[in-house]
Amino acid sequence: MLISAFYRKVFLQEPWGAPKLYPGLIKPVGLMAAKYPEIRESVFQRFPFMRSSAFERRMLFERPGKQPLLSTDDDVSRYERLQQG
């Protein structure tokens, strides 16, 4: 399971059940998860490029002349507000 190894290593996720084969699929599907509030900072310390601000995300993904999909200039994530104090 190459993909599960990636999520375990990068995002410190753990399996929440054995992979199962479902009708119509050719590969087993499993669920992996992590308690992000607890591991967030350790992930960012290991991979600092994963930390981004609302402004950086907007500059990367917003298209000129199009309405923003999810956020506006005033939107700041809950985690960014906590970091600002």
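Going by the structure above, here's the rest.
What you see is a predicted model, and the numbers here were worked out from it, not measured in a lab. In this convention, every chain numbers its residues from 1, walking through the sequence in written order. Owing to the predicted nature of the model, reporting of local features is limited to residues with pLDDT of at least 70; listing and counting of side-chain atom pairs is limited to 80 or more, with chain, interface and lining totals taken over all residues. With hydrogens and water set aside, each side-chain value is computed from the structure's full complement of heavy atoms.

**Student:** Go over the pattern of salt bridges with me, naming the residues and quoting the values.
**Tutor:** Side chains that differ in charge, positive against negative, can pair when their charged atoms come close. Take a side-chain nitrogen of Lys or Arg and a carboxyl oxygen of Asp or Glu: if they are within 4 Å of each other, that pair is a salt bridge. All chains considered together, the criterion is met by 2 salt bridges. Across the pair glutamate 41 and arginine 40 runs a salt bridge whose closest N-O atoms are separated by 2.8 Å. Of the charged contacts in the structure, one is a salt bridge between arginine 51 and glutamate 41, with a shortest N-O distance of 3.1 Å. With a gap of 10 residues between them, arginine 51 in the loop between α2 (36–46) and α3 (54–61) and glutamate 41 in helix α2 connect regions that are remote in the sequence. Partly exposed residues are those whose accessible area sits between 20% and 50% of the maximum for their type, while under 20% is buried and over 50% is exposed, using a 1.4 Å probe and protein chains only. On the basis of relative accessible area, arginine 51 is assigned to the partly exposed category, the value being 33%. Glutamate 41 gets classed as partly exposed once you look at its relative accessible area, which sits at 37%. Each of Arg40, Glu41 and Arg51 takes part in salt bridges that share partners, so that together they form one network. Elements are defined by DSSP. Helices are runs of H or I of four residues or more, strands are runs of E of two residues or more, and each kind is numbered from the N terminus.

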